[in-house]
Amino acid sequence: MVDPMPTVGLFGLGLIGSAVARRLCAAGFPVVGHDPDASRCAELAGLGGRAGAPRDVWQSDVVFSCVFDTGQLAELIRAAPDCRAVLVSVSTCDPDQMPGLAGQAAAKGITLIEAPVSGTSRALAEGTALLILAGDPGAADRIAPVLDAVATARRHVGPIGNGNRAKLAINLVLGLNRAALAEGLVFAEKLGLDAERFLDLARVSAAQSAVMDSKGAKMARREFSPQGRIAQSAKDFTLILDGAAAAGQGLPFARTYLQMMQAALAAGEGDLDNSAVLLPISRSRPE
């Protein structure tokens, strides 16, 4: 007898949540999602899923948390009913809070695992992102078909908390790569070079990086429709610097990057793609 296909719930239907929903609906999983934004719920219906109340989402076998931050994840768990769901947190959260949240979830019968996403929402929608798993490996194995539908690339990095530790370290490297490319493009333009031609040259140079492929055209064309927002990057780098400070480590480049993010937020650019780090850089003047 063939086991029935697991039902899947989603909290949060923003950039990441809608990409997860797209993958799951395309794979034929029954999907129910919840988001306070009615237009996002309508988009889910267009993909083949359905919108529901939180209680409907919690009736699913597997529940994805695609909320903004640690506070929203904590509230989600606080308000959850007793159930037997596996809760998959794909958001970038405070790693030090994850064990406590896992304990709170377990008291309600819920198994919390981490699966923060490395890659843009576009990469996730295309199935090319990486899931960084942490927590109960048995639970991750049990829901492997669901995880496979979301992203075929995944790595398990140990106990709960390690998923977000690894994600923050990766985001540090990735963010600084974005900033380096943005600053290089701004510099090239100020020297009189064409941005797109310079980008083509950089791609075949010793400076080549994957960021040039994922974000280079957006920077060169000043086209910042979001695949990952400035506000999210600012949140992540705040967690990075807080974690480094607690460990007694200074991160001078990360601090400068966060200052650029904060300048973009102050300019009302928080909803732009994180490649828009180019904008505060372009506004900088010699000291």
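Residues numbered from 1 in each chain as written. Predicted model: local features only at pLDDT ≥ 70, side-chain atom pairs only at ≥ 80, totals over all residues. Heavy atoms only, no water.

Participant: Provide a residue-level description of the nonpolar core, including the pertinent values.
Facilitator: Ranked by size, the top nonpolar core spans 34 residues in total, and within it Leu24, Phe64 and Val88 carry the most contacts. Among the elements that line this core, the one with the most residues is helix α1 (residues 15-26), at five residues. Ignoring anything within four residues of it in the chain, the contact list for Phe64 reads Val8, Gly9, Leu10, Phe11, Val20, Leu24, Val88, Val90, Val146, Leu147 and Val150. Ala202, Ala234, Leu241 and Ala254 belong to the second largest nonpolar core, which has 32 residues in total. (Core = buried A, V, L, I, M, F, W, Y, C linked by side-chain atoms within 4.5 Å. Buried < 20%, exposed > 50% of the residue type's maximum accessible area, 1.4 Å probe, protein only. Helix = DSSP H or I, 4+ residues; strand = E, 2+ residues; numbered from the N terminus. Contact = heavy atoms within 4.5 Å.)

Participant: Go over the layout of surface pockets, please, and point to the residues and values.
Facilitator: Computed from the structure, the largest pocket encloses a volume of approximately 1100 Å³. Considering the residues around the largest pocket, the lining is formed by 48 residues, among which Leu15, Ile16, Val67, Ser91 and Gln232 are closest to the centre. The dominant element in the lining of the largest pocket, judged by the number of residues it contributes, is helix α12 (residues 230-246), at six residues. Of the residues that constitute the lining of the largest pocket, the class distribution is 20 nonpolar, 18 polar and 10 charged. (1 Å grid on protein atoms, 1.4 Å probe; cavity = no way out; pocket = protein on both sides within 12 Å on 5 of 7 lines; lining within 4 Å. Points joined across faces, edges and corners; volume = space filled by probe spheres on them. Nonpolar A, V, L, I, M, F, W, Y, C, P; charged D, E, K, R; others polar.)

Participant: Account for helix α11 (residues 210-221), naming residues and giving values.
Facilitator: Here α11 is 12 residues long and its end C-alpha atoms lie 18 Å apart, about the 16 Å a rise of 1.5 Å per residue gives. When we look at burial in α11, the residues that qualify are Val211, Met212, Lys215, Gly216, Lys218, Met219 and Ala220. Turning to α11, the residues buried within the fold contact α9 (162-190), α10 (195-203) and α14 (278-282). Where α11 terminates, the next one or two residues include Arg222, which has phi positive at roughly 55°. (Expected span 1.5 Å × (residues − 1).)

Participant: Can you lay out the pairing of strand β1 (residues 8-11) for me, pointing to particular residues and giving the numbers?
Facilitator: Burial along β1 is two-sided: Val8 and Leu10 facing one way and Gly9 and Phe11 facing the other are all buried. Sheet topology places β1 next to strand β2 (residues 31-34); four bridges connect them, and they run parallel. Directly across from Val8, in β2, lies its bridge partner Val31. Chirality of the crossover, the property in question, places the unit of β1, α1 and β2 among those that are right-handed. Of the strand pairs in this sheet, β1 and strand β4 (residues 62-65) are connected by four bridges, and their pairing is parallel. (Pairing = 2+ DSSP bridges. Right-handed = clockwise from strand over helix to strand, strands pointing away.)

Participant: So what's going on with the side chain of Thr120? Residues and values would help.
Facilitator: One can find Thr120 in the loop between β7 (117-118) and α6 (121-125). On the basis of relative accessible area, Thr120 is assigned to the buried category, the value being 17%. Setting aside anything within four residues of it in sequence, one finds Thr120 in contact with Lys215 and Gln227.

Participant: Please give an account of the packing of aromatic side chains that cites residues and values.
Facilitator: How two aromatic rings sit relative to each other is set out by the distance from centre to centre and by the angle between their planes. Per the counting criterion, the structure on display carries two aromatic pairs. Measuring from centroid to centroid gives 5.4 Å for Phe11 and Trp58, while their planes differ by 50°, and the two rings are tilted. Of this pair, Phe11 sits in strand β1 while Trp58 sits in helix α3 (residues 54-58), and the two are 47 residues apart along the sequence. Seen from the ring of Phe68, Lys235 lies directly overhead, with NZ or CZ sitting 5.3 Å from the centre. (Phe/Tyr/Trp six-rings, centres within 6.5 Å; stacked < 30°, edge-to-face > 60°. Lys NZ or Arg CZ within 6 Å of the ring centre and 35° of its normal.)

Participant: Provide a residue-level description of the pattern of salt bridges, including the pertinent values.
Facilitator: Counted according to the given criterion, the structure contains 16 salt bridges. Note that Arg222 and Glu189 form a salt bridge whose closest N and O atoms lie 2.6 Å from each other. Pair noted here: Arg222 is in the loop between α11 and α12 and Glu189 is in helix α9, with a separation of 33 residues, a long-range link. Exposure remark for Arg222: the relative accessible area of 34% places this residue in the partly exposed category. Relative accessible area serves as the criterion here: at 29%, Glu189 is assigned to the partly exposed category. In this structure, the salt-bridge partner of Lys218 is Glu223, at a minimum N-O distance of 3.1 Å. One salt-bridge network, in which partners are shared between bridges, spans Asp35, Asp37 and Arg40. (Salt bridge = Lys/Arg side-chain N within 4 Å of Asp/Glu carboxyl O.)

Participant: Could you give me a rundown of the sheet that holds strand β5 (residues 86-89), with the residues and numbers involved?
Facilitator: Spatially, the six strands line up as an open sheet ordered β3-β2-β1-β4-β5-β6, and their pairing is parallel. The sheet terminates laterally at β3 (50-51) and β6 (111-114), the two strands that pair on one side only. Across two bridges, the pairing between β2 and β3 is parallel. Residue pairing across strands places Gly33 opposite Ala51, the latter belonging to β3. Those strands touched by helix α4 (residues 70-79) are β1, β4, β5 and β6, and its axis lies near 170° from that of β5. (Axes fitted to C-alpha atoms, helices over the stretch in contact; angles between N-to-C directions.)

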